[in-house]
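Here are the chains, one letter per residue:
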Amino acid sequence: MADEPLVSERVIDQREWALELAFSLGIADALGEQPRADDVFALLCGGRADLAAEGGQPAPSGAPFRVAFDAPVSRRLGEPVRVVANLPYPALYALSVTGIGAQRWVIDGRTVGHVDPTPLGVAQAKSIVPLQAGPHELTAYLSHGARVDRIELAAYRPFCVAPAAGWEAGRLLTFASSARTLVAALGLERRLPVADVPITIEGEHYETVSAYGGATNRGLGDAASGGAWAVAVDRPAEFSYRARVQQPGVYSLIARVHGDGDELWSIGEDYRVSVRPTPTRDEFAWVHVLTLHLAGGEHSIRALLPSGAGIDTLHLLRRRARDADYIALLEDEGFRSGVPKQPVTQTDAYRSLAQPLFAEIASQFLSRLGDDFQRAPWWVRRDEKRAIRPALRFATK
Amino acid sequence: MSARVIALSLRGIAAVGACAVLTWAARAAAEDEADRFHYNASALVTLVGDDDPYLEQRDEGAFGGYLAPSLEVGYRADVFELNADLGADLRRYIDEKALSEEFYRAIVSGEVGILPGVSLRVMDSFRPEAELISSPADATRNLQQTNRAGAELRFWRELSGRRELLATLRGSHFTGEDFNAVLATDGSGFMTHLDFEPDHAEGAGTLEFQTPLGERNSVYARSELLHRSYHETEVADRSQFTIQLGARTRRFRNVEIDVAGGFGMVVFESRDDLRSFVGDASLRYRLPNGWTWRVSAANRFVTDLAGSTYVETTGRMGFEKHFGEWLSTSIAAFVSQLENDAWNLPHNLFGGAEVRVQSRVGRHTTVAFTYRYWDNAGNYALDDFNQDRVAIEFFYRR
């Protein structure tokens, strides 16, 4: 018979769970002493406290908060760039800078990283920072010859933790909601099983392209699908694509790319991530761009690539995302779970947060978030390649 | 394994069958309720090298291999839950046939919600249990096949201000294989009882009250009353009472503290009472670089399979480090003392240390290497030994 001392058999509600997640992930400092439920939910989902459920999946509605500044011009030589951003809600924020040259950025005295927008003209800082609502000072220390043209601070929508039907303060937490939020918080959605054949777009079939971008049939060490690929020639170039999603759900955007250096990818207006593919000299490499919830309909995908880089193919892989899939995934990772609709007690919640996997990821949560949040083990990458391979049309060199 | 234990375990096996049939039937009947059904199959293969497998200070080492297949099935409905955990542990040693043994596990449980906050749980647990507290709990020579059948009634209520009250009543019947038991005797040390039957009946009740103190802090009071009666001898029959006050906090991220202390008393039918302070203290601290360390201490009553009761004082500490998700290592050490001054028994001192490196090598597969040192010393020389043991484990679960 179980004879453990009582922790608590009280069933916890969604606000309480959201607060525990924020606390355990180390981002609760962005909340005040007595945080409102909406603030906690906003912090956990790129600034959205209200999520509209669509097809059983949370689909964030509306664009994330974004504030942009042109760099102050009346600045003495060597003086740091300083702007103040007034934020409407607590969230994880990403800093993007347009300009040139190496520069160190600090928000409220905390270094968020060194950025160098030179290769692309724009760069996103690696560190994603939790910030309270209210004014924040952004400061840049520029190296010799560096310049800042534009600064943007945006709620980081790729990080979105929410139950299927969105957050609701008084609603009891179920094992289904607990599993969905844990998987999202740990960045494990990429490990959900692949549902069906991917949507594949040839790189050279872009909808629009900026100057210096185009299609090429230049041969590399391994063949391009369809015999051609998109390439940024001599300068950075931006390619845009349009993907039609029939079924709303969780999708992974995986690209077969060539080149070296940071790339800036975005899906719609909400999701923007900086990725760095494995450098390749004379071949293509696979890169996982993002796993996210997509509503049904058309979505635009844009990729800003550095000079010499290119795209062979893009694949949108739909993943099975029923409650049972999230629960099974967590059980595979060693978490204890229950019936999807069964409420979660405080003891169950604490047990989940004390799991070695959660503790490991949570301890380095912020440093991983902007870097390799969706890093996946070899068997996940193997399953993805197996799903993608039939969709590729290899051409002879 | 005695015929008596086998006969008793048949109930459990029958219940397992019933449970499996019920869960499969439930699944077939309501495909949309498949989420309520769960099963996991696993297998653990262990290669062992042990320089003292007999736990007797012999100069005889042995190499062996264990195979432990396991199957867990369960069905969770809104108001009831059924679970079965079936497994075997087949142990073979090279050139040491006396050590080769098989153990089996059939744990079947059912829980039903009778009223809001009131639940009844019944369980039959057929599994190996450690005979001596002062020897490793997984050592082949320290395991006996046992069966415990029991029921537990739980009452839980949330009071105003997020206070909680939990009361439980449980009763069980324990059956074990006959073995040559070393029994503590009042004032004269120990005696060997040939073919001891550890069968006993037990009844217990607990009462717990918890109240929060701000965010992530709580204080609690806990008391337990237990009575155990052995079939073969009245010497070990006892009533046991403990009461503790405790506090726990998770106020600081990465730090968990739990401290409890109180008083306990064991009243024997025919011997002097045993009284002691009882308490636990534990601290877990997770460093930002991925290291976790734990330190804990406890003072409590413990009873071995033969019914001998001691006050155990234990200190433990351990470190754990994860290198990403796929590799982890841990180092743990403990030292324990068993004493029963009320009966003038010699103190038994033992301790150990373990290093473990574990790696996940696939979606369902884990490999681990473990080295353990165990030393049993103290004033009671009869069970003294020291043991070095290395093990390589391959674990598959899906």
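Quick caveat, the model's predicted, so the values are computed rather than measured.

What counts, and at which threshold
Residues numbered from 1 in each chain as written. Chains lettered and ligands numbered in written order. Predicted model: local features only at pLDDT ≥ 70, side-chain atom pairs only at ≥ 80, totals over all residues. Helix = DSSP H or I, 4+ residues; strand = E, 2+ residues; numbered from the N terminus. Contact = placed C-beta atoms within 7 Å. Buried ≥ 20, exposed ≤ 12 C-beta atoms within 10 Å, placed from the backbone. pLDDT = per-residue confidence, 0-100. Pairing = 2+ DSSP bridges. Axes fitted to C-alpha atoms, helices over the stretch in contact; angles between N-to-C directions. Nonpolar A, V, L, I, M, F, W, Y, C, P; charged D, E, K, R; others polar. Parallel < 35°, antiparallel > 145°, perpendicular 65-115°, else oblique. Left-handed = near helix turned anticlockwise from the far one by under 90°. Arc of directions from axis to C-beta.

1. A look at the overall build of chain A
Here is step 1 of the chain: The helix and strand inventory of chain A stands at eight helices and 22 strands.
Here is step 2 of the chain: By sequence separation, contacts in chain A at least 24 residues apart represent 79% of the contacts at least 6 residues apart.

2. Describing the overall build of chain B
Here is step 1 of the chain: Tallying secondary structure elements over chain B gives one helix and 20 strands in all.
Here is step 2 of the chain: By principal-axis analysis of the C-alpha atoms, chain B measures approximately 60 × 55 × 45 Å.
Here is step 3 of the chain: Out of the 398 residues in chain B, the part that is buried amounts to 27%.
Here is step 4 of the chain: Restricting the contact set of chain B to residue pairs at least 6 apart, pairs at least 24 apart contribute 53%.

3. Some remarks on the confidence of the model for chain B
Here is step 1 of the chain: Mean pLDDT over chain B: 88, with 90% of residues reaching 70 or higher.
Here is step 2 of the chain: Predicted complex metrics record ipTM = 0.82 and pTM = 0.87.

4. Quick notes on the environment of B:Leu183
Residue and element names in this part refer to chain B.
Here is step 1 of the chain: By the element assignment, Leu183 lies in strand β8 (residues 179-185).
Here is step 2 of the chain: Assessed through the 16 C-beta atoms surrounding it within 10 Å, Leu183 is described here as partly exposed.
Here is step 3 of the chain: Separated by 122 residues in sequence, Leu183 and Leu305 place their C-alpha atoms 9.8 Å apart.
Here is step 4 of the chain: Among residues more than four places away in sequence, those in contact with Leu183 are Phe190, Met191, His193, Ala306 and Ser308.

5. A look at the sheet that holds strand β21 (residues 297-305) of chain A
Residues and elements named next belong to chain A.
Here is step 1 of the chain: Strand order across the open sheet formed by five strands is β13-β16-β21-β18-β19, with antiparallel pairing between neighbours. With partners counted over all chains shown, the strands left at the sheet margins are β13 (208-209) and β19 (271-275), one partner each.
Here is step 2 of the chain: Bridge analysis of strand β18 (residues 263-267) against β21 gives four bridges, and the strand direction is antiparallel. Bridging from a neighbouring strand, Ser266 pairs with Arg302 of β21.

6. Some points on the sheet that holds strand β7 (residues 110-115) of chain A
The pairing of strands in a sheet happens through backbone hydrogen bonds and is either parallel or antiparallel.
All names here are of chain A.
Here is step 1 of the chain: Overall, antiparallel pairing links the four strands, which are arranged β4-β10-β6-β7 in an open sheet. Unpaired on one side and paired on the other, β4 (81-87) and β7 mark the two borders of the sheet. Between one strand axis and the next, the sheet turns by 20 degrees as a mean value, whatever way the strands run.

7. Points about the interface of chain B and chain A
Here is step 1 of the chain: Listed by partner, the interface residues are 28 residues for chain B and 23 residues for chain A.
Here is step 2 of the chain: Every element with two or more residues in the side of chain B that touches chain A is listed here: β6 (143-158), β7 (164-176), β10 (200-212) and β11 (217-230) of chain B.
Here is step 3 of the chain: Residue composition of the side of chain B that touches chain A, grouped by class: six nonpolar, eight polar and 14 charged.

8. Topic: the pairing of strand β16 (residues 309-323) of chain B
Residue and element names in this part refer to chain B.
Here is step 1 of the chain: Relative to β16, strand β15 (residues 291-303) is paired through 13 bridges, and the arrangement is antiparallel. Residue pairing for β16: Trp293 is matched across the bridge by Phe319.
Here is step 2 of the chain: In terms of strand pairing, β16 meets strand β17 (residues 327-339) through 13 bridges, oriented antiparallel. When the bridges of β17 are listed, Thr314 appears paired with Ser336.
Here is step 3 of the chain: The hairpin turn running from β16 into β17, its antiparallel successor, is three residues long, and Gly324 in that turn takes a positive phi close to 70 degrees.

9. Regarding the packing of helix α1 (residues 14-25) of chain A against helix α3 (residues 175-185) of chain A
When two helices pack together, their arrangement is captured by the angle between the axes and the distance separating the axes.
All names here are of chain A.
Here is step 1 of the chain: Between α1 and α3, the shortest axis-to-axis distance is 12 Å and the interhelical angle comes to 25 degrees. Taken as axis vectors, α1 and α3 run roughly parallel relative to one another. In this structure, α1 meets α3 at a crossing whose hand is right-handed. In this structure, α1 uses Gln14, Trp17, Leu21 and Leu25 to contact α3, whose residues at the interface are Ser177, Ser178, Thr181 and Ala185.
Here is step 2 of the chain: When grouped by side-chain class, the residues that make up the contact of α1 with α3 number four nonpolar, four polar and no charged.

10. Some remarks on the packing of α3(A) against helix α4 (residues 323-332) of chain A
All names here are of chain A.
Here is step 1 of the chain: For the pair α3 and α4, the least separation of the axes is 9 Å and the interaxial angle reads 65 degrees. Relative to α4, the crossing made by α3 is left-handed. Across the interface between the two elements, Phe175, Ala176, Ala179, Arg180, Leu182 and Val183 from α3 touch Asp323, Tyr326, Ile327, Leu329 and Leu330 from α4.
Here is step 2 of the chain: Considered class by class, the residues forming the contact of α3 with α4 number nine nonpolar, no polar and two charged.

11. Some points on helix α5 (residues 346-353) of chain A
Residues and elements named next belong to chain A.
Here is step 1 of the chain: When α5 is considered as a whole, its buried residues turn out to be Gln346, Asp348, Ala349 and Ser352. Looking down the long axis of α5, one finds its buried residues gathered within 160 degrees of arc, a one-sided arrangement.
Here is step 2 of the chain: Elements in contact with the buried residues of α5: α1, α3 and α6 (356-363).

12. Side note on the environment of A:Val287
All names here are of chain A.
Here is step 1 of the chain: Summarising the element assignment, Val287 is placed in strand β20 (residues 285-294).
Here is step 2 of the chain: Val287 gets classed as partly exposed once you count the C-beta atoms within 10 Å, which come to 17.
Here is step 3 of the chain: Taking C-alpha positions, Val287 is 27 Å from Ala179, a pair spaced 108 residues apart along the chain.
Here is step 4 of the chain: Contacts of Val287, omitting those with residues within four sequence positions, involve Ala255, Val257, Val275 and Pro277.

13. What to know about the confidence of the model for chain A
Here is step 1 of the chain: Looking at chain A as a whole, its pLDDT mean stands at 86, while 91% of the residues score no less than 70.
Here is step 2 of the chain: In the predicted structure, residues 52-60 of chain A sits below a pLDDT of 50 and forms 34 contacts with residues beyond four places in sequence or in another chain.

14. Notes on α4(A)
All names here are of chain A.
Here is step 1 of the chain: Inspection of α4 places Asp323, Tyr326, Ile327, Leu329 and Leu330 among the buried residues, and these make up the whole buried set. Each buried residue of α4 lies within a common arc of 160 degrees when the element is viewed along its axis, so the set occupies one face.
Here is step 2 of the chain: Structurally, α4 contributes buried residues whose contacts are with α3.
Here is step 3 of the chain: Trailing α4 by a residue or two, Gly334 shows a phi angle of about 100 degrees, which is positive.

15. As for unusual backbone geometry
Here is step 1 of the chain: Positive phi, normally seen in glycine, also occurs at A:Tyr212, with a value near 75 degrees.
Here is step 2 of the chain: Turning to its location among the elements, A:Tyr212 is positioned in the loop between β13 and β14 (213-216).
Here is step 3 of the chain: Within the chain, B:Arg216 stands out as a residue other than glycine whose phi angle is a positive 65 degrees.

16. Observations concerning the pairing of strand β1 (residues 37-50) of chain B
Residue and element names in this part refer to chain B.
Here is step 1 of the chain: Note that β1 and strand β2 (residues 62-76) share 14 bridges and pair antiparallel. The residue of β2 that forms the bridge with Asn40 is Glu72.
Here is step 2 of the chain: Pairing between β1 and strand β20 (residues 385-397): nine bridges, direction antiparallel. Across the sheet, the residue bridging to Val48 is Ala391, located in β20.

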